[in-house]
Amino acid sequence: MTPFTNFESRLIKLPLNNVDTDQIIPARFLKTTSKQGLDKQLFNDWRYDAAGNPSPEFVLNQPESQGVQVLLAGDNFGCGSSREHAPWALTQWGFRAVISTSFADIFQQNSLKNSLLPIIVPPDVHAELFAAAPGVVVKIDLPNQTLTTPGGRVVEFPVDAFSKHCLVKGVDELGYILEQAPEIAAYEAANPASIDARA
Amino acid sequence: MPRTIIEKLWDSHIVHERPGAPTLLFIDLHLVHEVTSPQAFQGLRERGLKVRRPDLTIATADHSIPTSDRSLPIVDKIALKQLDQLETNCGEFGIRCLGVHSSQQGIVHVIGPELGLTQPGMTVVCGDSHTATHGAFGALAFGIGTSEVEQVLATQCLLQRKSKTFQVQVEGRLGAGVSAKDIILALIARIGIGGGTGSVFEYTGSTIRALGMDERMTVCNMSIEGGSRAGLVAPDDITFEYLAGRPHAPKGAAWDAAIARWKQLPTDEGAAYDRCLSIDADTLEPMITYGTNPGMGVSINAPLPEPSQVADPMARDSITKALAYMGLEGGKPLLGHPIDVVFIGSCTNSRISDLRTAAGLLKGRKVSDKVRVMVVPGSQEVKRQAIAEGLPEIFRAAGCEWREPGCSMCIAMNGDQLSPGQYSVSTSNRNFEGRQGKGGRTFLASPLTAAASAITGVVTDVRTLL
Ligand code: SF4
């Protein structure tokens, strides 16, 4: 994984609560066996009209949205299906962080594993960001766990220490778990399995 | 210190804990399906890794599999490639695969329990958010993403942070026409779809104890729709009776030892939960959803909310947007609303007891000629049992389609789907925009409500037909 660096970006605002992963990428696109090429299908059913043309009113299609790296979303973003295709599609489109008051558990875990930073802010900061003028930027500093609002307010956000370490250093979790093979073997020896699914 | 079953399950699966890192937790059963696994197997290949415990891993084909005659070729080339890939991956990595032509194929959350693989005291994962279904056995079962699927394949472990404990106590007797599905829809309507975020539910109380295993699975299945990654029911004699004699259940002396172990699992007297909520089963009514998330549910006779009466602007916009998508007006009940399709199936309600319940109402009746009614058993085993009981004849005589097992119109990946604008009453678990087909509109309800609505062609209170 490439290390997560500090950056600043304008915002794309999606003022909806409970955006589910079926909206982030509809199920019919999950027949792929690859991780790639999902950016085209990000928010597909909101983004394209019945004929498959981009809907000009959807925020992702507006010229000023191009190159933006931060999505500002409503409460409980990423609920529903566990599909990791959701953070894959978001990062492939160019997002590096999503800001909300809360995230669904599985989406949050999937995002952290794909260098997409879920930033939880309190309701007043959330409201301030939604009210911010178009085109203004936020600064994101992961080592210090701070978000600087366009108004200059520096807001701390929570990230668990391990995820932060993995993101900042580019550490891959599987590599970390593999190093613990002796402990895993000890657990297995002490806890014999009650099933053999192959039988 | 007295512990909840959730804490007991957690404690007994700790491989180890290191400062500054999440707990390394051992996984007893890993279920795999075609949609969320190909990229994980590819990851193993790229790193030159093996599957650590093929004996604790099983795969099936369910999401993108057609529910038409299995002897016909699969026409969707992309789905076919994905299904072939699953067989190839399982062959290469030594995993048993209950694929397209297996006599044990079925929805991943239906086959685990029916094969006796899901057992009390286990940790169970799957790259699928409805893995909580297996919690009905007193297992800690939760959905994971594809990166985690790869981690479990390679190490049989996951890095996890402890969840909060959330007791959902259901007491009393369900009235006629009210079922397990209505309990869980009522819970989600009450706490909202983010209400359980960060928690594991334990469902307790006399109503839950009185439910059979199929119904307990219905309740646990939709825990994720309340935001909770896992939900469970402590095992009891009903659990043990279900498991006895299943292909992978322990036999002989091992069975007796297992029962003794499983009896230690229930929450200790005096153990504290982080949160508690109680539901009065006596006053529950059949539930139905009207909106575009499972928390947007009401009693079948109740009026839909009026957006103008919702104070929070973003919540108001969400309801306004949902009602607009659904083509509905606030303030009126859904009763009598015309429908186009009824879907009886999914990992929530495709087990034998669900099919018996629906068939019981449909027997000797006809479904409305305006409605397409699909009945999709959860597995080949459910299908065999249904045939043995004569259920397909009842469904066909009533005018329903009786199809092959799979996820089908729950997720609409396999061609079973609504057309834009169509309405369904569905026994599945999600009513998100486009979930059952682009532009489709879903009312989630119980098998009884679905069967009743199939007969009349409009959203119906089943109690008027009992
Ligand atoms: S039936 Fe629906 S919810 Fe269940 S596993 Fe299949 S797609 Fe997921």
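Attention in this report is confined to the structure presented alongside it. Bear in mind the structure is a predicted one, so any value in this text is a computation, not a measurement. (Residues numbered from 1 in each chain as written. Chains lettered and ligands numbered in written order. Predicted model: local features only at pLDDT ≥ 70, side-chain atom pairs only at ≥ 80, totals over all residues. Heavy atoms only, no water.)

Assigned secondary structure in chain B consists of 15 helices and 19 strands. Relative to the 2.2 N^0.38 estimate, which gives 23 Å for 466 residues, the radius of gyration of chain B is 21 Å and therefore close to what a compact globule would have. With respect to the principal axes defined by its C-alpha atoms, chain B has extents near 55 × 55 × 45 Å. Contacts in chain B between residues far apart in sequence, at least 24 positions, make up 76% of those at least 6 positions apart. Accessible surface, chain B: about 15,100 Å² in total, of which carbon and sulfur atoms supply 52%. Taking the average location of the 45 positive side-chain charges in chain B and that of its 48 negative ones, the two points are 2 Å from each other. (Helix = DSSP H or I, 4+ residues; strand = E, 2+ residues; numbered from the N terminus. Rg over C-alpha atoms; globule rule 2.2 N^0.38 Å. Contact = heavy atoms within 4.5 Å. Areas by Shrake-Rupley, 256 points an atom, 1.4 Å probe, with all protein chains shown as cover. Lys, Arg positive; Asp, Glu negative; His and termini not counted. Charge placed at Lys NZ, Arg CZ, Asp CG, Glu CD.)

Another point: the packing of aromatic side chains. Residue and element names in this part refer to chain A. Counted according to the given criterion, the structure contains 18 aromatic pairs over all chains. When the ring centre of Phe4 is taken as reference, the NZ or CZ atom of Arg96 above it lies at 5.1 Å. Over the ring of Phe7 we find Arg96, and its NZ or CZ is 4.1 Å from the ring centre. (Phe/Tyr/Trp six-rings, centres within 6.5 Å; stacked < 30°, edge-to-face > 60°. Lys NZ or Arg CZ within 6 Å of the ring centre and 35° of its normal.)

Let us now look at the pairing of strand E6 (residues 123-126) of chain B. All names here are of chain B. Where burial is concerned, the two faces of E6 agree: the one with Thr123 and Val125 and the one with Val124 and Cys126 are both buried. Direction of pairing for strand E3 (residues 29-33) relative to E6: parallel, over a ladder of three bridges. By the bridge assignment for E6, Leu29 is matched with Val124. (Buried < 20%, exposed > 50% of the residue type's maximum accessible area, 1.4 Å probe, protein only. Pairing = 2+ DSSP bridges.)

What follows covers helix H13 (residues 380-388) of chain B. Residues and elements named next belong to chain B. Every buried residue of H13 is listed here: Gln380, Val382, Lys383 and Ala386. Each buried residue of H13 sits inside an arc of 155° when the element is viewed along its axis, so together they form one side. Those residues of H13 that are buried lie in contact with helix H4 (108-114), helix H12 (352-362), helix H14 (391-398) and strand E17 (401-402). (Arc of directions from axis to C-beta.)

Turning to the interface of chain B and chain A, a few remarks are in order. Each partner contributes residues to the interface: chain B has 75 residues there, and chain A has 62 residues. Carbon and sulfur atoms make up 57% of the surface buried where chain B meets chain A, a total of about 5,700 Å² over both sides. Of all residues in chain B, Gln39(B), Met314(B) and Lys438(B) give up the largest surface area on contact with chain A, accounting jointly for 11% of the area buried on that side. Between the two partners, chain B and chain A, sit eight salt bridges. With its nearest N and O atoms 2.9 Å apart, the salt bridge here joins Arg47(B) to Asp172(A). Between the two partners, chain B and chain A, sit 29 residue pairs in polar contact (both at pLDDT 80 or more). Taken together, the elements giving at least two residues each to the side of chain B that touches chain A come down to strand E1 (14-16), strand E2 (23-26), helix H2 (38-47), strand E4 (57-60), helix H3 (77-93), helix H5 (146-155), strand E8 (157-160) and helix H11 (313-326) of chain B. Among the elements that make up the side of chain B that touches chain A, the one with the highest residue count is H5(B) (seven residues). Here the side of chain B that touches chain A is composed, by residue class, of 28 nonpolar, 27 polar and 20 charged. (Buried area = accessible area lost by both parts, 1.4 Å probe. Salt bridge = Lys/Arg side-chain N within 4 Å of Asp/Glu carboxyl O. Polar contact = N/O pair within 3.5 Å; in protein donor to acceptor, adjacent residues only side chain to side chain. Nonpolar A, V, L, I, M, F, W, Y, C, P; charged D, E, K, R; others polar.)

Now for the state of the cysteines. Inspection of the entire model under this criterion finds zero disulfides over all chains. Here Cys220(B) is not cross-linked by a disulfide; its sulfur's nearest cysteine counterpart is in Cys347(B), at 12 Å. (Disulfide = S-S within 2.5 Å.)

Phi at Asn76(A) takes a positive value of approximately 55°, unusual for a residue other than glycine. Assignment of secondary structure puts Asn76(A) in the loop between strand E2 (70-73) and helix H3 (85-93). The exposure class of Asn76(A) is buried, given its relative accessible area of 5%. With phi around 60°, Gln156(B) is a residue other than glycine that occupies positive phi space. By the element assignment, Gln156(B) lies in the loop between H5 and E8. The buried category is assigned to Gln156(B), whose relative accessible area is 0%.

A few words now on the sheet that holds strand E1 (residues 7-14) of chain A. Residues and elements named next belong to chain A. Overall, mixed pairing links the seven strands, which are arranged E4-E3-E2-E1-E5-E6-E7 in an open sheet. The open sheet has two edge strands with one neighbour each: strand E4 (117-120) and strand E7 (154-156). Neighbour to neighbour, the strand axes of the sheet diverge by 30° on average, direction disregarded. Of the pairings in the sheet, the one linking E1 to strand E5 (residues 137-141) comprises four bridges and is antiparallel in character. Residue pairing in the sheet places Glu8 in a bridge with Lys139 of E5. (Axes fitted to C-alpha atoms, helices over the stretch in contact; angles between N-to-C directions.)

Turning next to the environment of Ile144(B). Mapped onto the fold, Ile144(B) is located in the loop between strand E7 (140-143) and H5. Each C-alpha atom of the pair Ile144(B) and Leu174(B) lies 33 Å from the other, and the pair is 30 residues apart in sequence. Not counting chain neighbours up to four residues away, the residues in contact with Ile144(B) comprise Ser82(A), Ile106(A), His30(B), Val125(B), Cys126(B), Gly127(B), Asp128(B), Val149(B), Val152(B), Leu158(B) and Arg229(B).

Let us look at the packing of H12(B) against helix H15 (residues 447-456) of chain B. All names here are of chain B. Across the interface, H12 lies against H15 with an axial gap of 9 Å and an inter-helix angle of 30°. Here H12 lies roughly parallel to H15, going by the angle between them. The handedness of the crossing between H12 and H15 is right-handed. On H15, the residues that touch Asp354, Thr357, Ala358, Leu361 and Leu362 of H12 are Pro447, Leu448, Ala451, Ala452 and Ile455. Broken down by class, the residue content of the contact of H12 with H15 amounts to eight nonpolar, one polar and one charged. (Parallel < 35°, antiparallel > 145°, perpendicular 65-115°, else oblique. Left-handed = near helix turned anticlockwise from the far one by under 90°.)

Two strands in a sheet stick together by hydrogen bonds in their backbones, pointing the same way (parallel) or opposite ways (antiparallel). One open sheet accounts for three strands, arranged E1-E2-E8 (chain B); its pairing is antiparallel. Two strands bound the open sheet, and with one partner strand each, they are E1 and E8 of chain B. Across the sheet, the axes of successive neighbouring strands diverge by a mean angle of 40°, strand direction being ignored. Two strands pair when backbone bridges link them, and E1(B) and E2(B) are joined in this way by two bridges, in the antiparallel orientation. Each bridged residue has a counterpart across the sheet, and for His16(B) the counterpart in E2(B) is Leu24(B). Across the face of the sheet, helix H8 (residues 181-190) of chain A comes into contact with E1, E2 and E8 of chain B while running at roughly 140° to E1(B).

Lining the immediate surroundings of the ligand are His63(B), His109(B), Asp128(B), His130(B), Ser346(B), Cys347(B), Cys407(B), Cys410(B), Ile411(B), Asn429(B) and Arg435(B). Of the residues contributing to the shell around the ligand, the split by class is four nonpolar, five polar and two charged. (Near = heavy atom within 4 Å.)

Turning to the nonpolar core, a few remarks are in order. Membership of the largest hydrophobic core comes to 161 residues, with the highest contact counts inside it found for Phe43(A), Phe77(A), Leu90(A), Tyr203(B), Phe395(B) and Phe443(B). Sorting elements by how many residues they give to this core places helix H6 (residues 180-191) of chain B first, with eight residues. One finds Ala197(A), Leu29(B), Ala139(B) and Cys157(B) within the second-largest nonpolar core, a separate group that totals 27 residues. (Core = buried A, V, L, I, M, F, W, Y, C linked by side-chain atoms within 4.5 Å.)

Its location among the elements puts Gln119(B) in the loop between H4 and E6. A residue is classified by how much of its surface remains accessible, and Gln119(B), at 1% relative accessible area, is buried. Polar side-chain contacts of Gln119(B) include one of 3.1 Å to the backbone oxygen of His248(B). Each residue touching Gln119(B), except ones within four places of it in the same chain, is listed here: Ser194(A), Ile195(A), Phe137(B), Ala139(B), His248(B), Ala249(B), Pro250(B) and Trp262(B).

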